[in-house]
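# A structural walkthrough
This is what each chain is made of:
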Amino acid sequence: MMGNSKIVFRLAWRNLWRNHRRTLIMLAAIVVGVWAMIFMTALMRGMVDDMVKDGVSVLPGHVQIHHPAFRDDPTITNVIAPPDGRLLDAQSRPEVVAWATRVRVPAVISSERDTRGVTLVGIEPERERPISFVAEDVTECRFLESRDDRGLVVGRKLVEKLETGLGKRVVIMSQDQENEIADRGFRIVGIFDSKLAQYEEGYVFGGEGAIQDLLGIGDQISEVAILGTDYRNVGGLHRMVADAAGP
């Protein structure tokens, strides 16, 4: 058998080089085909990774904590206490890259020219910076400076629809926990550009403390967003956070 195999291999090798041009063309075709497959696979994986990272940066993070009824009714009535105790300890573990608290409520924003429905998000600027797109996408003027900043960061499309601009005063209206209208004037201190127009039109960002004061909810929040080390493996992070947060 070994002898036959050597003979077959020798004949095959000689046959390959009987026509050098044919063999080189076949080798070139195989190399190009394999290279193209590797390139396309790498390109597709990179595109998927970028899409997922962009999706994660639009506020969700890898894990979120809410009131049990918040997803069905995302209003100011379904708020939670800020993290403490075991939850704060869990958020300081190595598998947690960053975390942030937010107040998120439906609201109405009004300028002298127009009125629009938006999602009002109160944030802590320093904690929010590594998690979401907001700070990175501010292209005019400034990002929020503190959780008590009384300015607003607004999307460019929304600014255009409201026919307003930087430094202009707008009125934010929402509903407090007593079902009463809560409204207050804010100034636009920053404009952000997003890859998707609906985010520019639909989100308005303010300081978390200023929004809590507007709504009269003390230190209560709507959600905690947590960013882990790898979106492909969030099962362990979810279990750790769920255990720390309790029922």
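What counts, and at which threshold
- Counting starts from 1 at the beginning of each chain's written sequence and moves along it residue by residue.
- The predicted origin of the model limits local features to residues at a pLDDT of at least 70 and limits the giving and counting of side-chain atom pairs to 80 or more, whereas totals for whole chains, interfaces and linings rest on all residues.
- Heavy atoms throughout the structure, all of them, feed into the side-chain values; hydrogens and water do not.
- In DSSP terms, a helix is any run of H or I states spanning at least four residues, a strand is any run of E spanning at least two, and both are numbered starting from the N terminus.
- In this treatment the radius of gyration is a C-alpha quantity, and the globule benchmark scales as 2.2 Å times the residue count to the 0.38 power.
- In this description, contact between two residues means that some pair of their heavy atoms is separated by no more than 4.5 Å.
- Buried means the residue's accessible area, taken with a 1.4 Å probe over protein chains only, is under 20% of the maximum for its type, while exposed means over 50%, and partly exposed covers the values in between.
- Being paired, for any two strands, means DSSP has found at least two bridges between them.
- Like charges within 9 Å and nonpolar side chains (Val, Leu, Ile, Met, Phe, Trp, Tyr) within 5 Å are joined into patches, using only residues over 30% in relative accessible area that form no salt bridge.
- Note that accessible areas follow from Shrake-Rupley with a 1.4 Å probe, and for residues the cover is restricted to the protein chains shown.
- Salt bridges are defined by distance alone: a side-chain nitrogen of Lys or Arg within 4 Å of a carboxyl oxygen of Asp or Glu.

### What to know about the overall build of the protein chain
If you tally the helices and strands in the protein chain, you get nine helices and nine strands. Computed over its C-alpha atoms, the radius of gyration of the protein chain comes to 27 Å, more than 25% above the 18 Å expected for a compact globule of 247 residues. Based on the C-alpha atoms only, the size of the protein chain along its principal axes is roughly 95 × 45 × 30 Å. Counting contacts in the protein chain only where the partners sit at least 6 residues apart, residues at least 24 apart contribute 72% of the total.

### Quick notes on the pairing of strand β1 (residues 63-66)
Burial along β1 is one-sided: V63 and I65 are buried, and none of Q64 and H66, which face the opposite way, are. Bridging between β1 and strand β9 (residues 223-228) involves four bridges; their strand directions are antiparallel. Each bridged residue has a counterpart across the sheet, and for V63 the counterpart in β9 is I226.

### Notes on helix α8 (residues 208-215)
Most of α8 is tucked away: seven of the eight residues are buried. Every buried residue of α8 is accounted for by E208, G209, A210, I211, Q212, L214 and L215. Buried residues along α8 sit against β2 (96-110), β3 (115-123), β6 (169-175), β7 (181-192) and β8 (203-207).

### Section: a nonpolar patch on the surface
A cluster of nonpolar side chains, namely F9, W13, L16, W17, L24 and L27, defines an oily patch on the protein surface of about 630 Å² accessible area. Of all the secondary-structure elements, those providing two or more residues to the nonpolar patch are α1 (2-16) and α2 (20-57). In terms of residue count, the dominant contributor to the nonpolar patch is α1 (three residues).

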